[in-house]
Amino acid sequence: MKTLTALTDPVYKEKELSGYENFWMRFMNDKRDLPFIHLLTLIHLTVVPVAVLLFTNVFTGWIWWAVAVVYFYFAQFYLKGRFGLMFHCLCHRKSFKPQYQKWVHTYITWIICPLFGHAPEGYFAHHMGMHHVENNNDEDASSTMHYQRDSLTSFLAYFFNFLFLGFKETFVYLFNRKRKKLYTRLTVGEWVFIFFCVGMCFVDLKATMVVWVVPFFFARLVMMLGNWTQHSFIDQNDPENLYTNSINCINTKYNQICWNDGYHIIHHLRPGLHYTEMPGEFLKRKDEFAAKKAVVFDGIHYLHIFTFLMTKRYDKLADNLVNINNMFDSKEQAINLMRERTRRIEAA
């Protein structure tokens, strides 16, 4: 196990703004969000134009396929996490001034999100309208509670359930709670995206598959893998406790490129907190983390944790577990607790 050491995850540091950044501050609320502008600029200089070119005759034959492979890797592997977690931040906080917020958010939702596999409006409706209301408990359509969370078979059942029934279950949840605006946006976004993709298949099948269809299925897999891992360790005796139904990952490169997404317990405790404030908030609450025996890993991220869970390498998990305030007497005790928290919780 590890001791809690100095945090290396990103926090805001004052710096002199460039002319480009000063230009964008005319539209933005918070200069801490300027890294989002740099990412969006990169996307508009690379992903957007190449996606358009794949539908033209500029590239043909093997050259088209070579460009498509490089494009897919760059968009769906190199940038996917960065963009997806940036959009996550944009959903929780209004980064732009009131007169621009709606237009910018709508543009990103409907034009940029589909390039990374997100059907318009679906992420916001599910994440903001349900997940952060239910916090992975029974009514959450993406809840991990009723699955054996160190089982590949259970994960596949979870993934395919969400892939085929996630839209329906999210719609029913929002409909039953009379969240008309959200379930309408969810429905319009999902079906417009589906019909759009079907129509574009008649324009150019292979380009449509590379630019929109395959990224859609890949995004669903990535999101479910992430949510599964974030909510793999749940205290059966207190499943609603935010300290013990999620995890934190600290001091990992993942936090450097994905906006401190590893601080998932902190995010559920304070969903609107700016990502640069999360390390400080964690340190303020470390005694509460210890008292609840909250699961915190140091130096590894969700993909590592998912792999260790699927291979039942609890020894590897324990090696990277932070023993805050010596809350565990031994490695064996920590392993037993983690095994207990991955057990399926029977439905009431």
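Now for a quick tour of the structure. (Residues numbered from 1 in each chain as written. Predicted model: local features only at pLDDT ≥ 70, side-chain atom pairs only at ≥ 80, totals over all residues. Heavy atoms only, no water.)

1. Focus on the overall build of the protein
Broken down by element type, the protein carries 17 helices and two strands. A globule of 348 residues ought to have a C-alpha radius of gyration of about 20 Å, and the protein, at 21 Å, matches this closely. If one aligns the C-alpha atoms of the protein with their principal axes, the spans along those axes are about 65 × 50 × 45 Å. Out of the 348 residues in the protein, the part that is buried amounts to 53%. Taking contacts inside the protein between residues at least 6 apart in sequence as the whole, the part at least 24 apart equals 71%. With the model as given, the accessible surface of the protein reaches about 16,400 Å², and the carbon-plus-sulfur share is 62%. Mean positive and mean negative side-chain charge positions of the protein (37 and 30 charges, respectively) differ by 5 Å. (Helix = DSSP H or I, 4+ residues; strand = E, 2+ residues; numbered from the N terminus. Rg over C-alpha atoms; globule rule 2.2 N^0.38 Å. Buried < 20%, exposed > 50% of the residue type's maximum accessible area, 1.4 Å probe, protein only. Contact = heavy atoms within 4.5 Å. Areas by Shrake-Rupley, 256 points an atom, 1.4 Å probe, with all protein chains shown as cover. Lys, Arg positive; Asp, Glu negative; His and termini not counted. Charge placed at Lys NZ, Arg CZ, Asp CG, Glu CD.)

2. Here we look at empty space enclosed by the protein
A full pass over the atoms with the stated rule returns three cavities of 30 Å³ or more. Reported here for the largest cavity is a volume of approximately 140 Å³. Every residue lining the largest cavity is counted, 19 residues in all, and those nearest its centre are His-88, Cys-89, His-267, Tyr-275 and Met-278. Each residue belonging to the lining of the largest cavity can be placed in one class, and the counts come to 10 nonpolar, six polar and three charged. Surrounding the second largest cavity, Leu-90, Arg-93, Lys-94, Ser-95, Phe-96, Gln-101, Val-104, His-105 and Ile-108 form its lining. (1 Å grid on protein atoms, 1.4 Å probe; cavity = no way out; pocket = protein on both sides within 12 Å on 5 of 7 lines; lining within 4 Å. Points joined across faces, edges and corners; volume = space filled by probe spheres on them. Nonpolar A, V, L, I, M, F, W, Y, C, P; charged D, E, K, R; others polar.)

3. Considering the nonpolar core
In this structure, Phe-83 and Phe-297 are the most contacted members of the largest nonpolar core, which totals 96 residues. A total of nine residues in this core trace back to one element, the largest contributor, which is helix H10 (residues 205-230). Formed by seven residues, the second largest nonpolar core is a distinct cluster that contains Met-25, Phe-27, Met-28 and Phe-96. (Core = buried A, V, L, I, M, F, W, Y, C linked by side-chain atoms within 4.5 Å.)

4. Some words on a nonpolar patch on the surface
Side chains of Leu-152, Leu-156, Phe-160, Phe-164 and Leu-165 sit close together on the surface and give an oily, nonpolar patch of about 480 Å² of accessible area. Tracing the chain through its elements places Leu-156 in helix H8 (residues 152-176). (Patch = residues over 30% accessible without salt bridge, like charges linked within 9 Å, V, L, I, M, F, W, Y side chains within 5 Å. Salt bridge = Lys/Arg side-chain N within 4 Å of Asp/Glu carboxyl O.)

5. Here's the deal with the pattern of salt bridges
If charged atoms from side chains of opposite charge come close, those side chains can pair. Using the criterion set out here, one finds 15 salt bridges in the structure. With its nearest N and O atoms 3.7 Å apart, the salt bridge here joins Asp-287 to Lys-286. With relative accessibility at 27%, the residue Lys-286 sits in the partly exposed group. A salt bridge links Arg-343 to Glu-340, with the shortest nitrogen-to-oxygen separation between them at 3.0 Å. Since its relative accessible area comes to 41%, Arg-343 is described here as partly exposed. Accessibility expressed as a relative area gives 37% for Glu-340, which makes it partly exposed. Each of Asp-30, Arg-32, Arg-93 and Glu-277 takes part in one network of salt bridges that share partners.

6. Notes on the layout of surface pockets
For the largest pocket, the calculated volume is near 1,200 Å³. Looking at the largest pocket, it is lined by 43 residues, and the ones nearest its centre are Leu-85, Val-222, Met-223, Gly-226 and Tyr-254. At the level of secondary structure, the elements contributing two or more residues to the lining of the largest pocket comprise helix H4 (61-78), helix H5 (80-92), helix H7 (122-134), H8, helix H9 (180-203), H10, helix H11 (253-257) and helix H15 (302-310). It is H10 that contributes the most residues to the lining of the largest pocket, 11 residues altogether.

Without other data, these values stay purely geometric and don't point to any function.
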